Structures are given as C-alpha cells and as structure tokens.
Amino acid sequence: MSEIESLQERKYFRHDIQGLRGIAVLAVVVYHADLYLPGGFVGVDLFFVVSGFVVSRLILDEMEREGSFSLINFFSRRVRRLIPVLTLVNILSLLGTYLVLSPFGERQQASATARSSAFFAANVNLLLDNSYISLVDNPFRHLWSLAVEEQFYLLFPFIFLLALFVSKSNKSFSLAKTVATIFAVFSAVSFVAAIFSTRSTASERLQQFGFFGLPTRIWEFAVGVLAMLFARRFIIERTRRTDIAAAIGVIGIVWSFFALSESNGYPNLSSAIPVGSLFVIILCSIEGSPIRRLLSSRALVHFGDLSYGFYLWHWPLIVFAKRIWPDQSIAPLVAVAVAYVLSVVSLRLLENPVRFSKDIYGKR
C-alpha cells in the first residue's frame, strides 16, 4: 500500500464505525449458531450501510484532493482486502465438503457455489439453485452477501466518476451534490423494487431475487453514502437531542434483531428500521457521547477488526459441526469458537500483512 493510501485510511478510521461492524458480525454469527436472535440476519444490512459509508469517504476525498480517481488503486485495495482470506477459507471449506457432505448432490451444490464465489457471483448461483433457507448444508451459502457487495463495488467507482464528469462539465453542480442526487435516486428506486419483489403476493422466484439480487440491495449501500455526504455537509454538535437520537437508533437496531423475520419476505418495508436507525447512529455518534463510547469499546472494535475473517470462517464450520455431531446442541458453539480463533490467526498472519503491504499496490 502506498503511504498516501495508508494515511488516508488511518485518517478516516472511526472506532465507533468499527464497533458497528463488530455488532453486525456478532448478530449474524449468533443467528447462524441457532441462538435466540431471530433477526440476526439484519447484520448483513448493517454491513452494507457501513461499507457504503466508509468506501465513499475514501473515493470522494481522493476526487476532491486529486481532481481525479484511480480505478487501479481502488480495485487493488479490494483485491488485497478480500482475495487472500477468501481463497484460504474456500480451499479448506472445499476439503471439508468432500470429507463431510454427501457425494449425491450436496458436494456438487457446494462446489458450484464455491466456483461462483471466486467470481463474486455466489448470489447468482444461489438464486438459480434454490431458496436461501433450503440450502442449509451449503458451506458457501453465506458468500451471497460478499457477492452483492463486490458487484456493487464494480459499479461504485464509475458512479463517482460520472458525478465528477457532471460537476466538471457544469459548475452549478458540485461534486458532493451530484453524488447525493444520484444515490438518492438509486436508494428510492432500489427500495421500491425491494418492497415490490418481496411482497406476499410475489412469486417465490421474485422473492428470492429480492433477497439475493443487487438491484434490491443497492439502497442500503446508498444510505451509507448519503450518511457520509450529510456528515460532511453539516457539522453536528453534540447535544441532548443528538444523544437521544443515537439512543433511539440503537433501540431500533436491537428491536430489529429480535422482531424481524425472513419468513415474510426480506428486505421489505420493515427493513428500513435497522437501516434508518444506523443512518441516525452514524450522524449522532459524536465524540464524547455515550453511544460513541459504547460503540468504540475495545470488545466491539476487536470484533469489528475480525469481522471479515470471522464472517468467512463461521458458517462452513457450523455446517460441518452440525453434520459431524448432529445430536449435539453445543456443536454450533464449538464451531463459532474455532472460527473466532481462526479469524484472529488469519487477521494477523494473512489479512493485515497483505492488506498493508507497501510492496503490493496499483498494478502490482
């Protein structure tokens, strides 16, 4: 990584945002471990919002600082961040698949998802295959969300480049306002599409598309981008009102963890509650506030640091543990514990050394 890139990432690092990542991954892991958190899948929605917020800050700052944007550097950062650990987990998960799963269909299904995940298309494979719930023994099922995120990142920089072109061509449109307009439109259209595709009268195939599809998930990333733009435009000072608003946002997310369900189609109108709550938290988590201190706690930031690896490791290990010890309720918890250890090791020995290497950047 170049020195400028490293400095920029440190400049924009917010411990509370990392803590939100920690909450998101813990919610998903608890949900997959069959503990009582019926809406834990909402953690994925939180991931999408946080990703839109963080990455858009880096892109917009580079454009305003340099007057341009390097696609090569952007995609090289994504490669360094994602590919090493994903490759390791996929290879070991494939080995586990051939040791544990049945050769009569299960291995083939898992292998097909693994192949598609190498091209960040696991969501397409799962959409064409069957519903999310019925793929309970597919150790690569969880990679659908990573596919959605990376498909969005294929579009993400080009949207910003379009906004940069418009702002340079017409001085009455600032870069920030142009970006805000584009993503506000994207958010509205995508949210309407999500509600339409997951309504109770929609076909099963359309509901599956609503869950797995990029078009019905873009609005969550867009909300993160809008939160970034709003935070840049308005300097919000800490007051009692901002503390109350942030607390209400936390309540909204906690409520979502326990009250929402995938059984009625998701994302739907109710999914605006966790996403909107996170928007409020990002804006009202101000230095010195109780919510900022809570989200910046060492434990949450720790799990935020581990979030990518922990997310990758936990699901295949849960699948294998359940298959090996089908009658042991503690099996998923053991799998989660092992996944935690592996995520710590992979972060220190693989993720960070590659991600922050000064010798791997740009075309290299």
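Because the structure is a prediction, the values reported are computed rather than measured. (Residues numbered from 1 in each chain as written. Predicted model: local features only at pLDDT ≥ 70, side-chain atom pairs only at ≥ 80, totals over all residues. Heavy atoms only, no water.)

1. A short note on unusual backbone geometry
A positive phi is found at Asp-34, a non-glycine position, where the angle reads about 65°. Here Asp-34 is to be found in the loop between α2 (15-32) and α3 (42-66). A residue is classified by how much of its surface remains accessible, and Asp-34, at 52% relative accessible area, is exposed. Look at Phe-120: it is not a glycine, yet its phi comes out positive at around 55°. For Phe-120, the location among the structural elements is in the loop between α5 (106-117) and α6 (122-129). We classify Phe-120 as buried; its relative accessible area is 18%. (Helix = DSSP H or I, 4+ residues; strand = E, 2+ residues; numbered from the N terminus. Buried < 20%, exposed > 50% of the residue type's maximum accessible area, 1.4 Å probe, protein only.)

2. Let's talk about the environment of Ile-324
Relative to the assigned elements, Ile-324 resides in helix α14 (residues 298-324). For Ile-324, a relative accessible area of 47% gives the class partly exposed. With 100 residues separating them in the primary sequence, Ile-324 and Gly-224 have C-alpha atoms 40 Å apart.

3. Overview of a nonpolar patch on the surface
Where nonpolar side chains cluster on the molecular surface, the patch consists of Leu-35, Ile-330, Leu-333, Val-334 and Val-338 and spans about 400 Å² of accessible area. Assignment of secondary structure puts Leu-35 in the loop between α2 and α3. (Patch = residues over 30% accessible without salt bridge, like charges linked within 9 Å, V, L, I, M, F, W, Y side chains within 5 Å. Areas by Shrake-Rupley, 256 points an atom, 1.4 Å probe, with all protein chains shown as cover. Salt bridge = Lys/Arg side-chain N within 4 Å of Asp/Glu carboxyl O.)

4. Side note on the packing of α3 against helix α11 (residues 240-259)
Direction vectors running N to C along α3 and α11 enclose 145°, while the axes themselves pass 9 Å from each other. Contact residues: α3 offers Val-42, Gly-43 and Leu-46, while α11 offers Ile-253, Ser-256 and Phe-257. Of the residues contributing to the contact of α3 with α11, the split by class is four nonpolar, two polar and no charged. (Axes fitted to C-alpha atoms, helices over the stretch in contact; angles between N-to-C directions. Contact = heavy atoms within 4.5 Å. Nonpolar A, V, L, I, M, F, W, Y, C, P; charged D, E, K, R; others polar.)

5. Digging into the packing of aromatic side chains
This model, assessed by the stated rule, comprises 26 aromatic pairs. Taking 5.2 Å as the distance between ring centres and 70° as the angle between the ring planes, the aromatic pair formed by Phe-156 and Phe-160 counts as edge-to-face. Taken as a pair, Phe-156 and Phe-160 lie in helix α7 (residues 144-169) at a separation of four residues, close to a single helical turn. Side by side, Phe-156 and Phe-160 carry an identical accessibility label, which is buried. Judged by centre distance (4.7 Å) and plane angle (55°), the rings of Phe-191 and Trp-219 are tilted. Here Phe-191 is found in helix α8 (residues 175-197), whereas its partner Trp-219 is found in helix α10 (residues 218-233), with 28 residues between them in sequence. An identical accessibility class is assigned to Phe-191 and Trp-219; each is buried. (Phe/Tyr/Trp six-rings, centres within 6.5 Å; stacked < 30°, edge-to-face > 60°.)

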